[in-house]
Amino acid sequence: MTQALSAGERLRNSLFRAVHRHNLVYNTCWEDPALDRVALGLTPSDRVLVITSAGCNALDYLLAGAGEVNAVDVNPIQNHLLELKVAAVRALDFASFFELFGRGQTPRARAMYYEGIRGRLSSGARDYWDRRIDFFDGRGWRHSFYYRGTSGSLAKLLMAKAHALGRLRGPIEELLAARSVDEQREVYEARVRDRLWTPALRWLLNRSTTMSLIGVPAAQWRQIDEQHPGGLAAFIRDALEAVVTRLPLADNYFWRVYLQGHYTPECCPEYLKPANFARLKAGLLDRLRVRTATLTDFLRATPGEISKFVLLDHMDWMSHSQPAALVEEWNEVLRKAAPGARAIFRSAGLRVTYLDHLRVRHRGREAALGELLAYRRPLAAELHARDRVHTYGSFHIADLPGRGGTS
């Protein structure tokens, strides 16, 4: 039986849905595809379903060898961003493409768009980017595309505060220039830590409004608050400190893009590397499908089976506010799973307590989902320790039982 939501929870969920459905929330993927490549072991026979987010990882799976990638998102604007990337690959040379999505700014953005990209977009994506292509023109306070959207805007605000109030511009540059993890740790502990973690920042990070801006719903941040010692602000601090004191920053394009506002040729997603751009342009993009829908509606409508499911962290939210819809989604996942299918997902929680007890339909009978999933816990734990993002509490790999019959 589902517990009734309080008035405050309903208000926070409404704010999250308003932000999440009607804005560009993610301007870059915040999940490390290097983990996914190992966890999924993609081959040309794989048909992948992934929640679109910013589309970076959908392109990564093509480059990793997947036979087909289906990028599905309930927020059409996230799909509009992936469409823009696909159209730009088809229309531009590499140098121009890197200006747009590597540097995140170019005075030629409007010319690139109208001369080559716009005509390759769907009508919905065209309408959106007709009004937003100035995200890339390099003008104004948010001078980079990576400081646009709700997550990018928050990153810019935090960076401005760090530079202005914490006098952290120099220390951050020194941190990024460090040549080893030991040097990173020394810079952080001596010049960054005490200036950064002020009472004002802790207050900001504990606000539900702040979390909504970066796509974290109330149920998810409450999970962190309840499971992590010290609550949400302490979790964020611990995540950042793990990144800068235990992992090399040299290849950590996730954090560097928000610290600098751009990628570099040496530190960027795979799709922004010249050889991989050439592969995408030469025909890999023909294996990509983009669809605006819920995962349940997509699975009900699409023919054939899916062998790899990349579910990100959306179940944290659904388990609290839409538990019946989560059951429906898993019924469809099980029904469409190919023999040997595998799912990966992330969670804000250190432990996922809501999933295994779901009552789902499989092969004509009802069962607890946990009875059907074969978790690869040692591999998941090993990969999670190497996660360059490090903002999720846990990472999960589960083998599925295959054809599920009617749901």
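Only a predicted model underlies this, so the values are computations on that prediction, with no experimental measurement involved.

Undergrad: What's the story with the side chain of S394 in this structure? I'm lost.
TA: Among the secondary structure elements, S394 is positioned in strand 9 (residues 394-399). A polar atom in the side chain of S394 sits 2.7 Å from the backbone oxygen of G349. Those residues within four positions of S394 in sequence are excluded, and the remaining contacts are R346, S347, G349, L350, V352 and H384.

Undergrad: Got a minute to help me understand the sheet that holds strand 9 in this structure?
TA: Sheets are built from strands that pair by backbone hydrogen bonding, the pairs being arranged parallel or antiparallel. Strand order in the open sheet formed by seven strands is 3-2-1-4-5-9-8, and the pairing between neighbours is mixed. The open sheet has two edge strands, strand 3 (288-292) and strand 8 (374-375), and neither has a second partner. Looking at chain direction, strand 2 (residues 68-73) and strand 3 are connected through five bridges and run parallel. Of the residues in strand 3, the one forming a bridge with V72 is R291. On top of the sheet, helix 4 (residues 76-91) reaches strand 2 and strand 3; it is set at about 155° to strand 3, its chief contact.

Undergrad: Would you mind going over helix 2 (residues 33-40) with me for this structure?
TA: For an α-helix the count is 3.6 residues per turn, leaving residues at separations of three or four pointing the same way. Buried residues of helix 2: P33, L35, D36, A39 and L40, and no others. Here the buried residues of helix 2 occupy an arc of 145° about the axis, which is enough to place them on one side. Summarising the contacts, the buried residues of helix 2 are in contact with helix 3 (56-63), helix 15 (253-260), strand 4 (306-310), strand 5 (337-347), helix 21 (377-385) and strand 9. By the N-cap criterion, in which a side-chain oxygen at the helix start approaches the backbone nitrogen of a residue two or three places on, helix 2 is capped by D32, the distance to A34 being 3.0 Å. In the segment just after helix 2, G41 is the residue with positive phi, at about 55°.

Undergrad: I'm lost on the environment of Y113 in this one. Help?
TA: Note on placement: Y113 falls in helix 6 (residues 109-117). Note: C-alpha distance between Y113 and I133 (20 residues apart in sequence) is 7.5 Å. Residues contacting Y113, with those up to four places away along its chain left out, are L84, R118, L121, R126, W129, D130 and I133. At 3.3 Å, the side chain of Y113 forms a polar contact with the backbone oxygen of R126.

Undergrad: Would you mind showing me how to read the pattern of salt bridges here?
TA: Pairing between side chains of opposite charge can happen when their charged atoms approach one another. Within the structure shown, the criterion is met by 23 salt bridges. Note that D46 and K308 form a salt bridge whose closest N and O atoms lie 3.0 Å from each other. On the criterion of sequence distance, the pair formed by D46 in the loop between helix 2 and strand 1 (47-51) and K308 in strand 4 is long-range, its members being 262 residues apart. For the residue pair D46 and K308, the accessibility class agrees, reading buried in each case. Residues R185 and D182 are paired through a salt bridge, measuring 2.9 Å at the closest nitrogen-oxygen approach. Pair noted here: R185 and D182 are both in helix 10 (residues 181-196), with a separation of three residues, about one helical turn.

Undergrad: Help me out: how do you make sense of the packing of helix 4 against helix 7 (residues 123-132) in this one?
TA: Relative orientation of the contacting elements helix 4 and helix 7 amounts to 90°, with a least axis distance of 9 Å. Between helix 4 and helix 7, the crossing angle belongs to the class labelled roughly perpendicular. Touching I77, H80, L81, E83 and L84 of helix 4 are G124, A125, Y128 and W129, all from helix 7. The residue inventory of the contact of helix 4 with helix 7, partitioned by class, reads six nonpolar, two polar and one charged.

Undergrad: Can you walk me through the pairing of strand 4 in this structure?
TA: In regular strands, side chains alternate between the two faces of the sheet. The buried fraction of strand 4 amounts to five of the five residues, a majority that puts the element mostly inside the structure. In this structure, strand 1 lies alongside strand 4, joined through three bridges in parallel fashion. Within strand 4, the residue paired with V50 across the bridge is V310. By the bridge criterion, four bridges tie strand 4 to strand 5 in an arrangement that is parallel. Within strand 5, the residue paired with K308 across the bridge is R342.

Undergrad: What is the right way to look at the nonpolar core in this model?
TA: Inside soluble globular proteins, nonpolar side chains tend to come together where they are buried. F101, I117, W129, F136, Y271, F309 and W330 are the most contacted members of the largest nonpolar core, which totals 121 residues. Per element, the largest residue contribution to this core is eight residues, and it comes from helix 4. Beyond its immediate sequence surroundings of up to four residues, Y271 is in contact with C56, L59, L63, K85, F97, F101, Y146, F277 and L280.

Undergrad: I tried to follow helix 5 (residues 94-103) on my own but got confused; where do I start?
TA: Every buried residue of helix 5 is listed here: S96, F97, F98, L100, F101 and G102. A positive backbone phi angle near 75° is found at G104, which sits one or two residues after helix 5.

Undergrad: Looking at this structure, how should I read the packing of aromatic side chains?
TA: Aromatic ring pairs are reported here in terms of the distance separating the ring centres and the angle at which the planes meet. Applying the stated rule across the entire model yields 19 aromatic pairs. Both rings, one in Y128 and one in W129, keep their centres 4.9 Å apart while their planes meet at 85°; by these two values the pair is edge-to-face. A residue is classified by how much of its surface remains accessible, and W129, at 0% relative accessible area, is buried. For K156, the ring lying beneath its charged end belongs to W141, and the centroid distance is 5.7 Å.

About the cut-offs
Residues numbered from 1 in each chain as written. Predicted model: local features only at pLDDT ≥ 70, side-chain atom pairs only at ≥ 80, totals over all residues. Heavy atoms only, no water. Helix = DSSP H or I, 4+ residues; strand = E, 2+ residues; numbered from the N terminus. Polar contact = N/O pair within 3.5 Å; in protein donor to acceptor, adjacent residues only side chain to side chain. Contact = heavy atoms within 4.5 Å. Pairing = 2+ DSSP bridges. Axes fitted to C-alpha atoms, helices over the stretch in contact; angles between N-to-C directions. Buried < 20%, exposed > 50% of the residue type's maximum accessible area, 1.4 Å probe, protein only. Arc of directions from axis to C-beta. Salt bridge = Lys/Arg side-chain N within 4 Å of Asp/Glu carboxyl O. Parallel < 35°, antiparallel > 145°, perpendicular 65-115°, else oblique. Nonpolar A, V, L, I, M, F, W, Y, C, P; charged D, E, K, R; others polar. Core = buried A, V, L, I, M, F, W, Y, C linked by side-chain atoms within 4.5 Å. Phe/Tyr/Trp six-rings, centres within 6.5 Å; stacked < 30°, edge-to-face > 60°. Lys NZ or Arg CZ within 6 Å of the ring centre and 35° of its normal.

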